[in-house]
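A structural walkthrough
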Amino acid sequence: MTLSPRVLQPILLGAIANIIVNYIFNPDDPDFILSEFVAAILLFIPITEINHAIDRGLEKRFSWIKSLPKRLVSHLILLLLSIVFILNVVGNLYLWLRGDGFYTWQEYLIINSVAFVLSLLLTGVTWMSFYFKRWKLAEMHLTQSESNLDKIRSEIVLDQLITMSQGKTEIKVRPEEIKSATSKFGIVRISLDENKSGIFKGTLTDLLKLLPTYYYFLATRSNIIHRDSVRSVSSSSYGKIVVEIKDDQHSDYELIISRQKASTFRKWYNSDPSFFS
């Protein structure tokens, strides 16, 4: 059975505070007494609980984005006032009930300072945890948004027609009809179904902008491949990838994906097809 952070926080802070204070008061021979540890832990229970209450209250009043300075200053002031009240009023009441002597003002200053610094560190950890959770949530939303954007882009470009020439005749084809594209000596040749091909008036980069990025990938400087044309993928030396391409018009061939593009290619090739169906 694990203890919750709300239970562990006063135990941890109380024990650490008692150790630090004893070392400051008597560095050569610190006196660790069990009852003092218990008292310190009991005093830190209301401190940590009030700290949580302050955080929840300010969450409703001040935005982390719009009012960050006000929130930080307000939290620190309220936390300091709470510590001063608990340690000096409740703490002195505890000493009076026990019949022990009171501390000097210098000792009270040290005790308050140690408690405030430790509580401040705990608050900082809580804030960092809050920001991490928000960052993680934002990353998830961003990833989903990018996926939705890619889907929309794919759907948009599928409605566009691409102009290519066959001899002296210009024809228009749908993006999904294109099986591959190759650039040689500055001429971009598009391969279609049924052994058909044509010339695209532009660069491979221009052509790629007209194609749905989910289905097509710029594998090399001179080759655009279709997802369905990939027969196999295997690792090569120095982080490169060997991709075997099936070609209905000619014999199958291999392309070498560079190390710089290997990660992008894997992400593209292993993405979920059902999302775009």
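Residues numbered from 1 in each chain as written. Predicted model: local features only at pLDDT ≥ 70, side-chain atom pairs only at ≥ 80, totals over all residues. Heavy atoms only, no water.

A short note on the sheet that holds strand S10 (residues 253–257)
- The strand order across the open sheet built from three strands is S8-S9-S10, with neighbouring strands paired in antiparallel fashion. Looking at which strands have only one partner, the edges of the open sheet turn out to be strand S8 (230–235) and S10. On average, each strand axis in the sheet is tilted by 25° relative to the strand beside it, whichever way the strands run.
- As defined by bridge partners, strand S9 (residues 241–245) adjoins S10 across five bridges and the pair is classed as antiparallel. The partner of Val242 across the bridge, within S10, is Ile256. (Pairing = 2+ DSSP bridges. Helix = DSSP H or I, 4+ residues; strand = E, 2+ residues; numbered from the N terminus. Axes fitted to C-alpha atoms, helices over the stretch in contact; angles between N-to-C directions.)

Details of a nonpolar patch on the surface
- Residues Leu12, Ile16, Ile20, Ile24 and Phe25 make up a contiguous nonpolar surface patch of roughly 390 Å² in combined accessible area.
- Relative to the assigned elements, Ile24 resides in helix H1 (residues 5–25).
- Owing to a relative accessible area of 43%, Ile24 belongs among the partly exposed residues under this scheme. (Patch = residues over 30% accessible without salt bridge, like charges linked within 9 Å, V, L, I, M, F, W, Y side chains within 5 Å. Areas by Shrake-Rupley, 256 points an atom, 1.4 Å probe, with all protein chains shown as cover. Salt bridge = Lys/Arg side-chain N within 4 Å of Asp/Glu carboxyl O. Buried < 20%, exposed > 50% of the residue type's maximum accessible area, 1.4 Å probe, protein only.)

Focus on the packing of aromatic side chains
- Scanning the model with the defined rule gives six aromatic pairs in all.
- Judged by centre distance (5.4 Å) and plane angle (70°), the rings of Phe217 and Phe265 are edge-to-face. Remark: Phe265 occurs in helix H6 (residues 259–269) and Phe217 occurs in strand S6 (residues 216–220); sequence separation between them is 48 residues.
- Taking relative accessible area as the criterion, Phe217 reaches 9% and is therefore assigned buried.
- Aromatic side chains Phe265 and Trp268 sit 5.6 Å apart centroid to centroid with 45° between the ring planes, which places their arrangement in the tilted category. Here Trp268 and Phe265 lie together in helix H6, a separation of three residues that amounts to about one turn. (Phe/Tyr/Trp six-rings, centres within 6.5 Å; stacked < 30°, edge-to-face > 60°.)

So, the nonpolar core
- One finds Phe44, Ile47, Ile83 and Leu87 to be the most contacted residues of the largest nonpolar core, which totals 16 residues.
- Taken together, the elements giving at least two residues each to this core come down to H1, helix H2 (34–61), helix H3 (68–98) and helix H4 (105–157).
- Discounting chain neighbours no more than four positions away, the residues touching Ile83 are Ile47, Asn88, Asn112, Ala115, Phe116 and Ser119. (Core = buried A, V, L, I, M, F, W, Y, C linked by side-chain atoms within 4.5 Å. Contact = heavy atoms within 4.5 Å.)

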